[in-house]
Amino acid sequence: MSNLELFDDEWARREQLAPGAMLLRGFALPHEVELLAALPELIARAPFRHMPTPGGRRMSVAMSNCGRYGWVSDRQGYRYASAAPLSGQPWPAMPAVFRRLAVAAAASAGFPGFEPDACLINRYLPGARMGLHQDKDERDLAAPIVSVSLGLPAVFLFGGLRRGDRPARILLEHGDALVWGGPARLCYHGVAPVKKGQHPRLGEQRINLTFRKAR
DNA sequence: GAGTCTCA
DNA sequence: GGGC
């Protein structure tokens, strides 16, 4: 059985948000149990942190990473690093189920051959948010971004290529995958403050996995 | 360098 | 939109 067959996308309801941007509703649900089972060990080895921004503030989202590279922020700036800043330890390896999910979602959205080398793990407790920004710290902008939502729902803000473009508001729920690349690769995006709630499996939190090709 | 930030 |  091939990797792609493991993530049979007959499941997903596709919604084209813009050229190059595809929402795959429920794409991760078939492997929900394995995805969630992998999380505790990853977080034990690379604990969530509220990283400081270069401007000296603190992000409301708590972050960890797995894979060869991890996205980090500090007073020096944003970058990808092969080790966790505080511990100096390499990031935990990207679980095979993570990689297969990301590769299959990318292929399903029209980006075959995606080779993620970084997975940012974001934890949103109620009230946490992510301001509008572009993902532009990656070396290869030909590779798409793959985002997988777990736990509490959140309103995703999907904007255009200019900061001033009014973003669309898209409700992302447990199991949804969102892929953007090509002409949408540098679209501004963010997450509105997460509302209080309880998810049956994850409790009072939203976990987002973002797969990138950093280098 | 920074607008993944908050306040006007 | 400004400041570390």
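Structure shown above.
The model shown is predicted, which means the values in this text are computed figures rather than measured ones. (Residues numbered from 1 in each chain as written. Chains lettered and ligands numbered in written order. Predicted model: local features only at pLDDT ≥ 70, side-chain atom pairs only at ≥ 80, totals over all residues. Heavy atoms only, no water.)

Some words on the overall build of chain A
Of regular secondary structure, chain A possesses three helices and 13 strands. Expected size for 215 residues packed as a compact globule is a radius of gyration near 17 Å; at 16 Å, chain A falls within 12% of this value. If you line up chain A on its principal axes, its C-alpha atoms span 45 × 40 × 35 Å. Counting the 215 residues in chain A, one finds 54% classified as buried. Considering only intrachain contacts with a sequence separation of at least 6, the fraction spanning at least 24 residues in chain A is 72%. Total accessible area on chain A is roughly 10,100 Å²; 51% of this is exposed by carbon and sulfur atoms. Taking the 28 positively charged and 19 negatively charged side chains of chain A as two groups, their mean positions are separated by 10 Å. (Helix = DSSP H or I, 4+ residues; strand = E, 2+ residues; numbered from the N terminus. Rg over C-alpha atoms; globule rule 2.2 N^0.38 Å. Buried < 20%, exposed > 50% of the residue type's maximum accessible area, 1.4 Å probe, protein only. Contact = heavy atoms within 4.5 Å. Areas by Shrake-Rupley, 256 points an atom, 1.4 Å probe, with all protein chains shown as cover. Lys, Arg positive; Asp, Glu negative; His and termini not counted. Charge placed at Lys NZ, Arg CZ, Asp CG, Glu CD.)

What to know about the protein's contact with DNA strand B
In the neighbourhood of DNA strand B, 15 residues make up the surrounding shell, with M59, W71, Y78, M130 and R163 lying closest. Per the 4 Å cut-off to the protein, sugar and phosphate atoms form 44% of the nearby atoms of DNA strand B. At 3.4 Å, a backbone N or O of G131 approaches a phosphate oxygen of DNA strand B. No other element matches strand β7 (residues 130–133), which puts three residues into the surface near DNA strand B. Its residues placed into classes, the surface near DNA strand B shows six nonpolar, five polar and four charged. (Near = heavy atom within 4 Å. Polar contact = N/O pair within 3.5 Å; in protein donor to acceptor, adjacent residues only side chain to side chain. Nonpolar A, V, L, I, M, F, W, Y, C, P; charged D, E, K, R; others polar.)

Observations concerning the nonpolar core
F98, I121, V146, V148, L209 and F211 are the most contacted members of the largest nonpolar core, which totals 35 residues. Contributions of two or more residues to this core are made by β2 (21–25), α2 (32–45), β3 (62–66), α3 (96–108), β6 (118–124), β8 (145–151), β11 (177–180) and β13 (206–212). The element that contributes the greatest number of residues to this core is α3, accounting for seven residues. Residues A21, F158, L172 and V194 belong to the second largest nonpolar core, which totals 33 residues. (Core = buried A, V, L, I, M, F, W, Y, C linked by side-chain atoms within 4.5 Å.)

A closer look at the packing of aromatic side chains
Any pair of aromatic rings gets described here by the distance separating the centres and the angle formed by the planes. Tallied over the full model, the rule gives five aromatic pairs. Aromatic pair F98 and F211: ring centres 6.2 Å apart, planes at 85°, arrangement edge-to-face. Separated by 113 residues along the polypeptide, F98 in helix α3 and F211 in strand β13 bring together distant segments of the chain. For the pair formed by F98 and F211, the shared burial category is buried. Relative to W180, the ring of F158 lies with its centre 6.0 Å away and its plane at 80°, an arrangement referred to as edge-to-face. Highlighted residues: F158 in strand β9 (residues 154–158) and W180 in strand β11, separated in sequence by 22 residues. Comparing F158 with W180, the two get one shared label, buried. What links up through ring pairs into an aromatic cluster is the set F156, F158 and W180. (Phe/Tyr/Trp six-rings, centres within 6.5 Å; stacked < 30°, edge-to-face > 60°.)

Quick look at the sheet that holds β13
Strand order in the open sheet made by the seven strands is β1-β2-β11-β8-β13-β6-β3, with antiparallel pairing throughout. A strand with exactly one partner marks an edge of an open sheet, and here the two such strands are β1 (13–18) and β3. The average angle at which neighbouring strand axes cross in this sheet is 20°, direction not considered. Where β3 lies against β6, five bridges are found, and the strand directions are antiparallel. Residue pairing for β6: C66 is matched across the bridge by C119. The strands touched by α2 within the sheet are β3, β6, β8 and β13, with β6 carrying the most contacts at an inclination of about 90°. (Pairing = 2+ DSSP bridges. Axes fitted to C-alpha atoms, helices over the stretch in contact; angles between N-to-C directions.)

Quick notes on the sheet that holds β9
Strand order across the open sheet formed by four strands is β7-β12-β9-β10, with antiparallel pairing between neighbours. Looking at which strands have only one partner, the edges of the open sheet turn out to be β7 and β10 (168–172). On average, each strand axis in the sheet is tilted by 20° relative to the strand beside it, whichever way the strands run.

Quick look at the state of the cysteines
What the rule picks out here adds up to zero disulfides. In this model C66 remains outside any disulfide bridge; the closest cysteine sulfur is found in C119, 4.0 Å from its own. (Disulfide = S-S within 2.5 Å.)

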